[in-house]
Structures are given as C-alpha cells and as structure tokens.
Amino acid sequence: MRLAGFKIGRPVIGIALGSGSARGWAHIGVLRALAEEGIRPKIVTGTSAGGVVAAFYAASALDNLEEFVRNYKGFGSTIAHLDFGLGNAGMITGKRWLANFLEAYLPVRDFRQLTLPLGMVATDLISMKEVHITSGPLIPAIRSTVAVPGFFTPLEYGNMMLADGGMLNPVPVDLARALGADIVIAVDLNANLSSTVPDSLADVVHRSIETMMNRVRETNMAHMKAEITIAPNLNSVGFLDFHEGETSIAEGYRATIEMIPEIRRQLNRPVRRLRSVLPREDVLHREIGSWKSP
C-alpha cells in the first residue's frame, strides 16, 4: 500500500546489471545466489554485458546462457564468435555473434514475450543522448547496448546510431526505478578494478573507455542511489576473457552471498519512503522496430 510518499508492505525488487564486457558473466552468479535465498527480482535492467544477462533472465532462459558460458573453450571460442570487418564503424560487425550466440540460445524475440519487465540502455552517437529500450524486438536492443565503440559496429536505427549504453549509464539504477522498483539491487562490476598498465592497442582503447565510464559510473551512483550494491572483485578478468566464465560466475555468487544480510534487512523494513522518479530530459525512449543489420 502506498500512502503519502511511503509504501507499507512487501516491496517490488528491481535489479540493475552493470556493464563490464567479459566480467558480465558474474551476473549469472549474482542471480543464482539470489534465487537460492528466495530473492527474485520482479524488474530487471541492464547495460552492455548486463543487458545480455538481463535479457536471458527476463526470458526465463538463464540456464541456456549458463550452458553457453560453461561450454566456452578458451580464448579461441571468443575469436570464433567474432567477425572482423575493418572499414566499418567498428572492428567487429557482430553477425557471427548474433547467429552463433543470441539467435541460437535466446528463445525469445520480443519484449512482449518476456516473463519480467526489462529495460536496456544504449547511447545514440548522433544526439549524444541516453536511450532507454523497454519494448519492441529484443535481439537488436541487445545488439545496440553491447556495441562498444571501436570494437562492435554501432546499430543503425532510423536517425540514430546506437552504441554501448555504458558510456552514459553503466549501472541503470534509475531505469529499474522508473519501471516500478521500490528497492533496487545494483550490480557494479567495475567498482574494484586495480590499476593496470595497458600493453596493446586493444588494451589502450578499452582502458580509455573504461576510464571515461568510471567517472560516469561514480557520478551516476552518487545521484541515482541503489538500496544495495553488489560489487564483485574481478581484477583477474580482462576485457575479452569470456572464457573465464566460471571464475566470473563464482565471484558474482560469492559477492552476493556476502550481501544477503543487508538485502534481507532492506526487504524486511515494514515501511519505506518511496524515491521520486522524475522524467529525465536527457533520455530518449525508443522501441526498435526495423533495423539495419551491420
């Protein structure tokens, strides 16, 4: 029951899964740990790698995703899923990734078929605005949120060129709240990164993007606060270390179990003040219909 800015009774739990490239497999461990404790978010949002896991979770297909991750066979599997296309707007076109991974393992094709409300974040490189996607075809929405600049070719849709949402909103707490969450669990994969020396072109590009995203992440987390933040320690997992899935899943699980007492404390509060959700003028809300494949 809601009364004068307060809610009495069981809260609606939302979870915001953050960006992090190969570290994103940690989200699987987070969701597994919560499920074991009987804590099941009713709203899920995600950015970049977090958007991928969020989509599988909202489609009740987390088992499919975990099967794919645990069957990964070293760095060669990563190369096998990437189709390099120099001369495009990115080094990787993404066609092979779509066919070998998303289309093969994700059983749902539209937001309307999902079992939970889902929101994903992308960045429009033309208007330089954040884009929230909560309806329409699912695969192009995922394709847009993971388009790391310089690596994946951006997704062209109408008058927009959509790329990685982590540039503007690495952990979409505000989107979970806008979709109706009373309590938001944020999963921040970049809170515990160590200082590293980039030693290749790919490392320099990724570290540069990571530096920018870190400043945005810190600002957003200060102004769009979650009730609980889970911060796995994934220093050993690099940008393209998708074959380190078991390590990431285990650390996501460990970090979540550590936070269970605080999560239960938040859930057991009988009365809570509701956070106001003001519309953001800097956000575009879009349903992606027809789209131009890279």
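Above: the structure in question.
Rules used throughout
- Throughout, residues of each chain are indexed from 1 in the direction in which the sequence is written.
- Local features in a predicted model are, by the rule used here, given only for residues with pLDDT of at least 70; side-chain atom pairs are given and counted only at 80 or more, and totals for whole chains, interfaces and linings are based on all residues.
- Think of the side-chain values as coming from all heavy atoms in the structure, minus any hydrogens and water.
- Numbering of helices and strands runs from the N terminus, with a helix taken as a DSSP run of H or I at least four residues long and a strand as a DSSP run of E at least two residues long.
- Whether a residue is buried, partly exposed or exposed follows from its accessible area with a 1.4 Å probe, protein chains only, as a fraction of its type maximum: under 20%, in between, or over 50%, in that order.
- For this analysis, residues touch if any pair of their heavy atoms sits within 4.5 Å.
- Only the protein chains shown count as cover for residues, with accessible areas throughout obtained via the Shrake-Rupley method and a probe of 1.4 Å.
- Following DSSP output, two strands are said to pair if at least two bridges run between them.
- Throughout this description, the term nonpolar core refers to a set of buried Ala, Val, Leu, Ile, Met, Phe, Trp, Tyr and Cys residues connected via side-chain atoms within 4.5 Å.
- The rule is short: rings of Phe, Tyr and Trp, with Trp giving its six-membered ring, pair when the centres are within 6.5 Å, and they are stacked under 30 degrees, edge-to-face over 60, tilted in between.
- When a carboxyl oxygen of Asp or Glu is within 4 Å of a side-chain nitrogen of Lys or Arg, the pair counts as a salt bridge.

Novice: Could you give an account of the overall build of the protein chain, naming the residues involved and the relevant values?
Specialist: Of the regular secondary structure elements, the protein chain holds nine helices and 14 strands. Buried residues in the protein chain amount to 53% of all 294 residues. In the protein chain, 78% of the contacts between residues at least 6 apart in sequence involve partners at least 24 apart. Counting only carbon and sulfur atoms, one obtains 54% of the accessible surface of the protein chain, whose full area is about 13000 Å².

Novice: Explain the pairing of strand β6 (residues 118–124) to me, and be specific about the residues and the numbers.
Specialist: Here β6 lies mainly inside the structure; seven of its seven residues are buried. In β6, alternate side chains face the same way, and those of L118, M120, A122 and D124 on one face and G119, V121 and T123 on the other are all buried. By the bridge criterion, four bridges tie strand β4 (residues 43–47) to β6 in an arrangement that is parallel. Note on β6: the bridge partner recorded for T45 is G119.

Novice: Please give an account of the nonpolar core that cites residues and values.
Specialist: The biggest cluster of nonpolar side chains holds 62 residues, and the ones touching the most others in it are I15, W25, L65, L118, L138, I142 and I263. Residue contributions to this core peak at seven residues, all from helix α2 (residues 49–58). Apart from residues no more than four positions distant in its own chain, W25 is found in contact with V53, L65, F68, V69, F101, F242, G245, S248 and I249. By size, the runner-up hydrophobic cluster in this structure holds ten residues, among which are I43, V171, M221 and A226.

Novice: Summarise the packing of aromatic side chains; cite the residues concerned and give the values.
Specialist: Evaluation of the coordinates by the stated rule reveals seven aromatic pairs. For the ring pair W25 and F101, a centre distance of 6.4 Å and an interplane angle of 80° mean the geometry is edge-to-face. Taken together, the positions of W25 in the loop between β3 (13–17) and α1 (26–36) and F101 in helix α5 (residues 95–105) put the pair 76 residues apart, joining distant regions of the chain. Taking the relative accessible area as the measure of exposure, F101 reaches 2% and is therefore buried. Between F101 and Y105 the ring centres are 6.4 Å apart and the planes differ by 45°, which places this aromatic pair in the tilted class. With F101 and Y105 both in helix α5, this residue pair falls four residues apart, about one helical turn. One aromatic cluster in this structure is built from W25, F56, F68, F101, Y105 and F242.

Novice: Requested: an account of the environment of V131, with residues and values cited.
Specialist: With respect to the element layout, V131 can be found in strand β7 (residues 129–135). In sequence terms V131 and A163 are 32 residues apart; their C-alpha atoms lie 9.6 Å from each other.

Novice: Now, about the pattern of salt bridges: what can you tell me, with residues and values included?
Specialist: Pairing of side chains with opposite charge becomes possible as their charged atoms draw close. Applying the stated criterion across every chain, the model contains ten salt bridges. For D110, the salt bridge identified is with R112, shortest N-O distance 3.1 Å. A residue is classified by how much of its surface remains accessible, and R112, at 76% relative accessible area, is exposed. One connected set of salt bridges, linked through shared partners, spans R32, D63, E66, R70 and E246.

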